[in-house]
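# Descriptive analysis of the structure
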Amino acid sequence: MRNISKFVNRLCERSNSEVVFNPYHDDKLAHNLEKYLQFMKTEKGNKILLVGEAPGYAGCKMTGIPFTSGQAIYQFDHPLLKKLRHTVSLRKVESEKTATIVWEFLAKKGSTPLFWNSFPFHPHPKNSPEENRAPTKAEVEEGVSYLHELFDIFKPTIIGGLGRAGERCSQRAFKDKSILYIRHPSRGGKPKFIEGMDRIVI
């Protein structure tokens, strides 16, 4: 578990800017992520790495855990979420549509893939920290180094991109590997997301 602690500590060192917020400056959110990654080391399905775009302002920015929201952690009857809800600390419990769709799907499955983002910090427009924006090319390039480190920790055998942004980042990070594309569940993508996830999550 030492590698996980080292990984989380490196995330904590990243500075904020006018257009990027690092949730891991909050010790509680850094702890939440570390517990998530520790739990995932023993989770069935952790050989599947699914890469999204970036933390949303109502989701990962508030929990520290990719593709979750406070409400999802407490709402769904899923073994991993049950572990998390007894160990995580949340400043605020909010709902996020993507997280709800993801865990509504996983609550019916027996395994849980490892979720990450192409840029693991919250990108937002200047003077609008409660909005989301797409990461820049430079930010995605920065995210590649974190993806490599996460890969070394978990050694996934399947890598998938959730949405085209996640797919592009995964292809950039792992040029010698086949990247599976899965439709992102937002903006009407829920049916295609479920269809894609059903192919790899049992």
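Scroll up to find the structure this text is about.
Quick summary incoming for the structure in this document. Please read all numbers here as calculations on a predicted model, not as lab measurements. (Residues numbered from 1 in each chain as written. Predicted model: local features only at pLDDT ≥ 70, side-chain atom pairs only at ≥ 80, totals over all residues. Heavy atoms only, no water.)

If you trace the backbone, Gln-171 turns up in helix α8 (residues 163-173). Under the relative-accessibility criterion, Gln-171 is labelled partly exposed at 39%. Between the C-alpha atom of Gln-171 and that of Val-144, which follows or precedes it by 27 residues, the distance is 9.9 Å. (Helix = DSSP H or I, 4+ residues; strand = E, 2+ residues; numbered from the N terminus. Buried < 20%, exposed > 50% of the residue type's maximum accessible area, 1.4 Å probe, protein only.)

On to unusual backbone geometry. Leaving glycine aside, a negative phi is the common case for residues, and trans is the common case for peptide bonds. Phi is positive for Asn-127, close to 70 degrees, though the residue is something other than glycine. One can find Asn-127 in the loop between β4 (122-123) and α7 (137-154).

For the rest of this paragraph, the subject is the sheet that holds strand β3 (residues 114-117). With parallel pairing, 4 strands are arranged side by side in an open sheet as β3-β2-β5-β6. Every other strand in the sheet has two partners, leaving β3 and β6 (179-182) as the edge strands with one partner each. Recorded for the sheet is a direction-independent mean angle of 30 degrees between the axes of neighbouring strands. Against the sheet, α7 contacts β2 (48-52), β3 and β5 (158-162), and its axis sits at roughly 165 degrees relative to β3. (Pairing = 2+ DSSP bridges. Axes fitted to C-alpha atoms, helices over the stretch in contact; angles between N-to-C directions. Contact = heavy atoms within 4.5 Å.)

Before going further, it helps to spend a moment on the side chain of Glu-149. Its place among the elements puts Glu-149 in helix α7. For Glu-149, a relative accessible area of 19% translates into the label buried. Among all residues touching Glu-149, those that are not within four sequence positions of it are Lys-6, Phe-7 and Arg-10.

Time to look at the pattern of salt bridges. Inspection of every chain in the model, using the stated rule, returns 12 salt bridges. Glu-167 serves as the salt-bridge partner of Arg-164, at 2.8 Å between the closest nitrogen and oxygen. Of the two residues, Arg-164 and Glu-167 both sit in helix α8, 3 residues apart, roughly one turn of that helix. Under the relative-accessibility criterion, Glu-167 is labelled buried at 11%. (Salt bridge = Lys/Arg side-chain N within 4 Å of Asp/Glu carboxyl O.)

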